Amino acid sequence: MSKSKHKIGIFDSGIGGTSIFKEINALLPHENTIYLADSKNAPYGDKSKEEIISLSIKNTKLLLEKDCKIIVVACNTATTNAIKVLRNTFDIPFIGIEPAIKPAALNTQTKAVGILATKGTLSSELFHNTTDLYSQDINVIEQIGEGIVPLIEAGKINSDAMKSLLEDYIKPMLKADIDYLVLGCTHYPYLIPQLLEMLPKHIKIIDSGLAVAKQTKAILKQHELLNLSATKGNNIFYSNGNVTVLKEILDDKFTVKALDF
Ligand code: DGL
């Protein structure tokens, strides 16, 4: 089989990276994909750098066994802590995702931007380097989204508990007069409807999903790995956690299988 027919491998600590899968699938519908939801080990955000690296290596090895031609690390926490090691260890292109601090910092009028991400992302060197580069005269209000990922993994996106966490987390941002809220975790785009209800209209919410999909396409093209088939690709999802929640977030449109990994 030509390598272009091989799959785009995508992994996340759980179901959040499906927000990235959806962008990739919309842009590249002919690509075959395979998604790993490592929900058993979620959240990654509270783990040490060493643990995040070892889980990312485990996921990558499994995706390589399943014939992937490129790997999308659909997790800000895994990208900011492990992508360097992954790129140095495996001979395959990797696409990562980082909080979209740059567009927020370049466009803010109030000179204040909020960033909601995991502890693992906010404490990473990569995040600090990017933030320092683009936000010299800007007030960046960093907020750890403690507790959000476990609620999403439990299927409680629209719960009272979620609402009260979000209210608490955006309070200091509103006080600082932010006009951009950066979602620095791939689970969080599922909270956009609620956030839009809570935030004043002039505050824009941004995430990196579309940028990751475009970058995936560009890198596949560069390596002559784009699948030029005219038929729709095959999309498979594996979860080592709650399969029902993963099915729900995918609107029951794709094949979801339980797998212990
Ligand atoms: N979805 C992930 C991210 O983008 C990880 C969340 C977690 O497991 O803590 O950061």
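Before any of the text, the structure's been laid out above.
In this report, the structure presented in the accompanying data block is examined.

## Quick look at the packing of aromatic side chains
Turning to step 1, where the next piece is worked out: Across all of its chains, the model carries five aromatic pairs by this definition.
Turning to step 2, where the next piece is worked out: Aromatic side chains phenylalanine 21 and phenylalanine 254 sit 5.1 Å apart centroid to centroid with 90° between the ring planes, which places their arrangement in the edge-to-face category. With phenylalanine 21 in helix H1 (residues 18-27) and phenylalanine 254 in the loop between helix H11 (243-249) and strand E10 (255-258), this residue pair connects regions lying 233 residues apart in the sequence.
Turning to step 3, where the next piece is worked out: Judged by relative accessible area, which is 1%, phenylalanine 21 ranks as buried.
Turning to step 4, where the next piece is worked out: What makes phenylalanine 254 partly exposed here is its relative accessible area of 22%.
Turning to step 5, where the next piece is worked out: Taking 6.4 Å as the distance between ring centres and 55° as the angle between the ring planes, the aromatic pair formed by phenylalanine 90 and phenylalanine 94 counts as tilted. By the burial criterion, phenylalanine 90 is buried, and phenylalanine 94 matches it.
Turning to step 6, where the next piece is worked out: Within the aromatic cluster, the residues linked to one another by ring pairs are Phe21, Tyr35, Phe237 and Phe254.

## Some points on the packing of H1 against helix H10 (residues 209-222)
Packed helix pairs are characterised by how far apart their axes lie and by the angle those axes make with each other.
Turning to step 1, where the next piece is worked out: Remark: H1 packs on H10, axes separated minimally by 8 Å, with the N-to-C direction vectors making an angle of 50°. Classified by the angle between their axes, H1 and H10 sit oblique to one another. H10 is crossed by H1, and the crossing has right-handed handedness. Here Ile20, Glu23, Ile24 and Leu27 of H1 lie close against H10, whose contacting residues are Gly209, Leu210, Val212, Ala213, Lys214, Thr216 and Lys217.
Turning to step 2, where the next piece is worked out: When grouped by side-chain class, the residues that make up the contact of H1 with H10 number six nonpolar, two polar and three charged.

## A short note on the pairing of strand E1 (residues 7-12)
Turning to step 1, where the next piece is worked out: Of all the six residues making up E1, five are buried; the element is thus mostly covered by neighbouring parts of the structure.
Turning to step 2, where the next piece is worked out: Here five bridges tie E1 to strand E3 (residues 68-73), and the two strands are oriented parallel to one another. The residue of E3 that forms the bridge with glycine 9 is isoleucine 71.
Turning to step 3, where the next piece is worked out: Pairing geometry for E1 and strand E2 (residues 33-37), over five bridges, is parallel.

Conventions we followed
Residues numbered from 1 in each chain as written. Predicted model: local features only at pLDDT ≥ 70, side-chain atom pairs only at ≥ 80, totals over all residues. Heavy atoms only, no water. Phe/Tyr/Trp six-rings, centres within 6.5 Å; stacked < 30°, edge-to-face > 60°. Helix = DSSP H or I, 4+ residues; strand = E, 2+ residues; numbered from the N terminus. Buried < 20%, exposed > 50% of the residue type's maximum accessible area, 1.4 Å probe, protein only. Axes fitted to C-alpha atoms, helices over the stretch in contact; angles between N-to-C directions. Parallel < 35°, antiparallel > 145°, perpendicular 65-115°, else oblique. Left-handed = near helix turned anticlockwise from the far one by under 90°. Contact = heavy atoms within 4.5 Å. Nonpolar A, V, L, I, M, F, W, Y, C, P; charged D, E, K, R; others polar. Pairing = 2+ DSSP bridges.

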